[in-house]
Amino acid sequence: DAKTTQPTSMDCAEGRAANLPCNHSTISGNEYVYWYRQIHSQGPQYIIHGLKNNETNEMASLIITEDRKSSTLILPHATLRDTAVYYCIVISAGKSTFGDGTTLTVKP
Amino acid sequence: GAGVSQSPRYKVAKRGQDVALRCDPISGHVSLFWYQQALGQGPEFLTYFQNEAQLDKSGLPSDRFFAERPEGSVSTLKIQRTQQEDSAVYLCASTEVSNQPQHFGDGTRLSIL
């Protein structure tokens, strides 16, 4: 199963862009990269996913490198409510392997 | 609501008791997943169903753990002879097909005394 590595924690100023990196060097050609976030006492919330092209939705943008070995989640204007643990995962044959994620703290 | 529903929200049991945790997926979702999340860690995959078929149970930590989804909708995760290390949040997720975004419930927090 493809595994991901993420920094343990990051800080971001409110209103600024938050850029969260993820390495997935063993990803296979048909595996998607997914991003979720989790706020205390809640289940993970889906943010965005992609295969090889960059993606954007109302929550975030996803930039995937050409070799697909890494990606970056961008929250363009972080708010205090974006403080959460962010998980980057690669799904293989239905099975998802979460790491310990990045704890993003948005500061006023 | 139309989301994934898990019950009970909290469960306290004495060591050695059996427990059953229920998951109601989003209506029509074919795939259903169970995860275990220890405090301060990410969710760990336990098992995966497609309709009533259990396609992957490689993450179940021991034979004390058993999951079923007999009619391809509601699923139950059963833990027999619970031990303290079973204390965790158990998350359920469902999706229309396996490689689409998973929708998670808020989990059952299990505490074994």
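Treat the numbers as computed from the prediction; the structure is a model and nothing was measured. (Residues numbered from 1 in each chain as written. Chains lettered and ligands numbered in written order. Predicted model: local features only at pLDDT ≥ 70, side-chain atom pairs only at ≥ 80, totals over all residues. Heavy atoms only, no water.)

Now for the sheet that holds strand β7 (residues 70–75) of chain A. Residue and element names in this part refer to chain A. The strand order across the open sheet formed by 4 strands is β2-β7-β6-β5, and the pairing between neighbours is antiparallel. Of all strands in the sheet, those bounded by a partner on one side alone are β2 (18–23) and β5 (55–56). Of the pairings in the sheet, the one linking strand β6 (residues 61–64) to β7 comprises 4 bridges and is antiparallel in character. Each residue of the ladder has a partner; that of Ser-61, found in β7, is Ile-74. (Pairing = 2+ DSSP bridges. Helix = DSSP H or I, 4+ residues; strand = E, 2+ residues; numbered from the N terminus.)

Taken as a whole and assessed by the stated rule, the structure comprises 5 salt bridges over all chains. In this structure, Asp11(A) engages Lys107(A) in a salt bridge whose closest nitrogen and oxygen atoms are separated by 3.1 Å. Here Asp11(A) is found in strand β1 (residues 9–13), whereas its partner Lys107(A) is found in strand β10 (residues 102–107), with 96 residues between them in sequence. Lys107(A) sits in the partly exposed class, given a relative accessible area of 41%. A salt bridge links Arg22(B) to Asp24(B); the nearest nitrogen and oxygen atoms lie 2.7 Å apart. (Salt bridge = Lys/Arg side-chain N within 4 Å of Asp/Glu carboxyl O. Buried < 20%, exposed > 50% of the residue type's maximum accessible area, 1.4 Å probe, protein only.)

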